[in-house]
Amino acid sequence: MAEPQVRLHNLDEPLHPQLSLLLRDARLLQQCRSAYQQIELYHSPLFGNFFRLDGALMSTEADEFYYHENLVHPAALAQPTSLQQALVIGGGDGGTARQLLKYASLQSVHVAELDAQVVAMARPHLPRIHQGAFDDPRLQLHIGDGREFLLAAQHCYDLIVLDLTEPSGAAAALYRPEFFAACRGRLSASGVLSLHLGSPVYQLQQVQAVYRALAQVFTSVRPMLVPIPSYGGLWALALASNGTDAAAVAATEIKKRLLGRGISGLNYYNDATHQALFALPEFLRSALSL
């Protein structure tokens, strides 16, 4: 008997109302509707396993490091002392937690993920992304609303990472000045908030809005640019702090801290890229009034 033919999908990933990224020959592995969103897991010949939430691509095995490494290490290594406590809001694929757990000094990382089904999907199907992070005894997983978790938190964190979906729907409240102020209140003296802003090419107004919301709360807000292939090109992240200016740390010092803190096995971030992250093109400097 002939083997049943596997159906392949050509997935349209919108970047802008007039432009999309086409992912060819993706094979659907799993899908479900959770209490919060539609979750789809695919395999791509180019990107490996990847997942989408409500039709929007989140992380792929092949290029997640562009995103997760730069969410974590520029903020962590800019601080004069090693990480002790960290919080991830979102991040149900485990990629951000995996990068944080590279720090031997880290005593605990709390991951506050809204949707248990995202974690349930990631554990067996995205091991190249989390690499066992969920089984590390330092990781404490909390399923529920990240905003409520932060407001109830008793810890002060050296690093808070907002590893979130776009600023719409349930996530919109987590991009407002009021929530950023709550994050500031839970940071240590040199602590840093790290998050993504969006595409400066296709979502410039969103990037401007989130940057301005951060600037209402923090004295230092440093936008960064990273090329993320599966996100369609340039992507903007930001580091916000009242005690650390990540852009002011010299490459020689970053190199020393990478070695001293035992951080290795990275695929994107190093001492040279640390400096390059903060070099912004003129159109973005102008848009952000920098």
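Criteria and thresholds
- Residues numbered from 1 in each chain as written.
- Predicted model: local features only at pLDDT ≥ 70, side-chain atom pairs only at ≥ 80, totals over all residues.
- Heavy atoms only, no water.
- Patch = residues over 30% accessible without salt bridge, like charges linked within 9 Å, V, L, I, M, F, W, Y side chains within 5 Å.
- Areas by Shrake-Rupley, 256 points an atom, 1.4 Å probe, with all protein chains shown as cover.
- Salt bridge = Lys/Arg side-chain N within 4 Å of Asp/Glu carboxyl O.
- Helix = DSSP H or I, 4+ residues; strand = E, 2+ residues; numbered from the N terminus.
- Buried < 20%, exposed > 50% of the residue type's maximum accessible area, 1.4 Å probe, protein only.
- 1 Å grid on protein atoms, 1.4 Å probe; cavity = no way out; pocket = protein on both sides within 12 Å on 5 of 7 lines; lining within 4 Å.
- Points joined across faces, edges and corners; volume = space filled by probe spheres on them.
- Nonpolar A, V, L, I, M, F, W, Y, C, P; charged D, E, K, R; others polar.

S.K.: Which residues make up a nonpolar patch on the surface, and what values go with them?
M.R.: Taken together, Val201, Leu234 and Phe283 make up a surface patch of nonpolar side chains, about 250 Å² in accessible area. Residue placement: Phe283 occurs in helix H10 (residues 282-287). On the basis of relative accessibility, which here comes to 40%, the residue Phe283 falls in the partly exposed class.

S.K.: Please provide a residue-by-residue account of the pattern of salt bridges, values included.
M.R.: Counted under the stated rule, the structure contains eleven salt bridges. Between Asp245 and Arg222 there is a salt bridge, and its shortest N-O distance comes to 2.8 Å. Residue Asp245 is located in the loop between strand S12 (233-241) and helix H8 (251-260), and its partner Arg222 is located in strand S11 (residues 220-228); the two are separated by 23 residues in the primary sequence. Residue classification places Asp245 among the partly exposed positions, given a relative accessible area of 28%. Overall, the relative accessible area of 33% leaves Arg222 in the partly exposed class. Taken together, the shared-partner salt bridges connect Glu13, Glu40 and Arg52 into one network.

S.K.: Pulling in residues and values, what's your account of the environment of Glu178?
M.R.: Mapped onto the fold, Glu178 is located in helix H6 (residues 177-185). Distance in space between the C-alpha atoms of Glu178 and Ala213 is 8.8 Å, their sequence separation being 35 residues.

S.K.: Mind laying out empty space enclosed by the protein, listing which residues take part and the relevant values?
M.R.: In the structure shown here, the tally under the stated rule is one cavity of 30 Å³ or more. Taken as a whole, the largest cavity holds about 40 Å³ of empty space. What lines the largest cavity is simply Met58, Ser59, Thr60, Asp63, Glu64, Tyr67, His68, Ile228, Ser230 and Tyr231. Going through the elements one at a time, strand S5 (56-60) and helix H1 (64-78) are the ones with two or more residues in the lining of the largest cavity. Its residues assigned to classes, the lining of the largest cavity comprises four nonpolar, four polar and two charged.

S.K.: Give a description of unusual backbone geometry that names residues and reports values.
M.R.: Residues other than glycine seldom take positive phi values, yet Asp25 does so here, at roughly 60 degrees. Checked against the element boundaries, Asp25 lands in strand S2 (residues 19-33). Judged by relative accessible area, Asp25 falls into the partly exposed class, the value being 40%. The phi dihedral of Ser289 is positive, around 55 degrees, even though this residue is not glycine. Here Ser289 shows up in the segment after H10. Judged by its relative accessible area of 64%, Ser289 falls in the exposed class.

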